[in-house]
Amino acid sequence: AGMFSDCNLWSCMILPFACLDTLGAGALLAYASDDHHGSKEFRSRLVRTCSIVAAVLVIIVGVTNSLPRDHTAYVFGDFILKDLAIAAVMTVVISAATQGIGGIAGAILGSRPLRYIGTISYGIYLYHMFLLVIIPHFLRWIGFESPALWVRGTLQVVASIAIATVSWYFFE
């Protein structure tokens with residue numbers, strides 16, 4: 001609804017109402033995984049359903065993203081279906097991760113650096129959006145008018161991790 005009103009695009013993408021599909025999928029997975037309320041059968045049905053929904057939506061989003069950006073189907077696929085597809089895919093991935101992933105993928109995901117990123121991930125989530133605004137201003141302030149995207153991206157990642165680390169040790 002926000003995309004058809006005077007709503008700020010960022011607000012439409014990141015405020016809680018814009019994320020209800022993702023929050024709802026996470027809540028369903030948490031409920032299904034709970035020992036007191038959930039069951040293995042319910043969790044299994046949820047993951048199977050999300051797998052099918054994810055597969056269908058990824059195909060639809062792929063098709064709509066090949067259309068011109070001003071096409072109604074592109075907008076529908078990019079702003080509505082893409083988030084739902086991500087929610088469905090991540091529900092399946094997170095469910096698998098909680099059961100344990102073996103092989104190379106499991107070794108990578110279980111590595112110390114990635115587990116540490118998981119520990120501070122909430123701080124990264126909180127601070128990264130502010131850094132999208134702050135870093136370009138900071139770069140202009142120190143004399144870099146338009147650095148390459150990879151420079152800004154690298155600075156954002158490093159700064160997000162650094163600030164989240166400080167936040168984790170001093171505030172959380």
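Right, let's walk through the structure included here. This is a predicted model, so every value here is computed, not measured.

Points about the overall build of the protein
Now for step 1: Across its full length, the protein holds 8 helices and 0 strands.
Now for step 2: For the protein, the exposed surface amounts to about 12200 Å²; the carbon and sulfur share of it is 71%.

Let's talk about the nonpolar core
Now for step 1: Judged by nonpolar contacts, Leu29, Ala32, Leu46, Cys50, Ala54 and Ala88 together constitute the single largest core of 6 residues.
Now for step 2: For this core, the secondary structure elements donating two or more residues are α2 (20-33) and α3 (40-64).
Now for step 3: With 3 residues, α3 is the largest single contributor of residues to this core.
Now for step 4: In this view, Cys50 contacts Ala88, Thr91 and Val92; residues no more than four positions away in its chain are not counted.

A look at the pattern of salt bridges
Now for step 1: Enumeration according to the criterion identifies 1 salt bridge in this entry.
Now for step 2: We note a salt bridge from Arg45 to Glu41, for which the minimum N-O separation is 3.7 Å. Of the two residues, Arg45 and Glu41 both sit in helix α3, 4 residues apart, roughly one turn of that helix.
Now for step 3: A residue is classified by how much of its surface remains accessible, and Glu41, at 54% relative accessible area, is exposed.

What to know about the packing of helix α7 (residues 121-141) against helix α8 (residues 149-170)
Between two packed helices, what matters for the description is the angle formed by their axes and the separation of those axes.
Now for step 1: Where α7 contacts α8, the two axes come as close as 8 Å, and the packing angle between them is 130°. In terms of orientation, α7 lies oblique with respect to α8. Between α7 and α8 the crossing geometry is right-handed. Listed contacts from α8 to Gly123, Ile124, Tyr127, His128, Leu131, Leu132, Ile135, Pro136 and Leu139 of α7 are Arg152, Leu155, Gln156, Ala159, Ser160, Ile161, Ile163, Ala164 and Ser167.

Examining the packing of α2 against helix α4 (residues 72-99)
Now for step 1: The geometry of α2 relative to α4 is characterised by a closest axis approach of 9 Å and an angle of 25° between their N-to-C directions. With respect to their mutual orientation, α2 and α4 come out roughly parallel. Both α2 and α4 take part in a crossing whose hand is right-handed. Contact with α2, carried on its side by Asp21, Thr22, Ala25 and Leu29, involves Asp83, Leu84, Ala87, Thr91, Ile94 and Ser95 of α4 and no other residues of that element.
Now for step 2: For the contact of α2 with α4, the per-class residue count stands at 5 nonpolar, 3 polar and 2 charged.

About the thresholds
- Residues numbered from 1 in each chain as written.
- Predicted model: local features only at pLDDT ≥ 70, side-chain atom pairs only at ≥ 80, totals over all residues.
- Heavy atoms only, no water.
- Helix = DSSP H or I, 4+ residues; strand = E, 2+ residues; numbered from the N terminus.
- Areas by Shrake-Rupley, 256 points an atom, 1.4 Å probe, with all protein chains shown as cover.
- Core = buried A, V, L, I, M, F, W, Y, C linked by side-chain atoms within 4.5 Å.
- Buried < 20%, exposed > 50% of the residue type's maximum accessible area, 1.4 Å probe, protein only.
- Contact = heavy atoms within 4.5 Å.
- Salt bridge = Lys/Arg side-chain N within 4 Å of Asp/Glu carboxyl O.
- Axes fitted to C-alpha atoms, helices over the stretch in contact; angles between N-to-C directions.
- Parallel < 35°, antiparallel > 145°, perpendicular 65-115°, else oblique.
- Left-handed = near helix turned anticlockwise from the far one by under 90°.
- Nonpolar A, V, L, I, M, F, W, Y, C, P; charged D, E, K, R; others polar.

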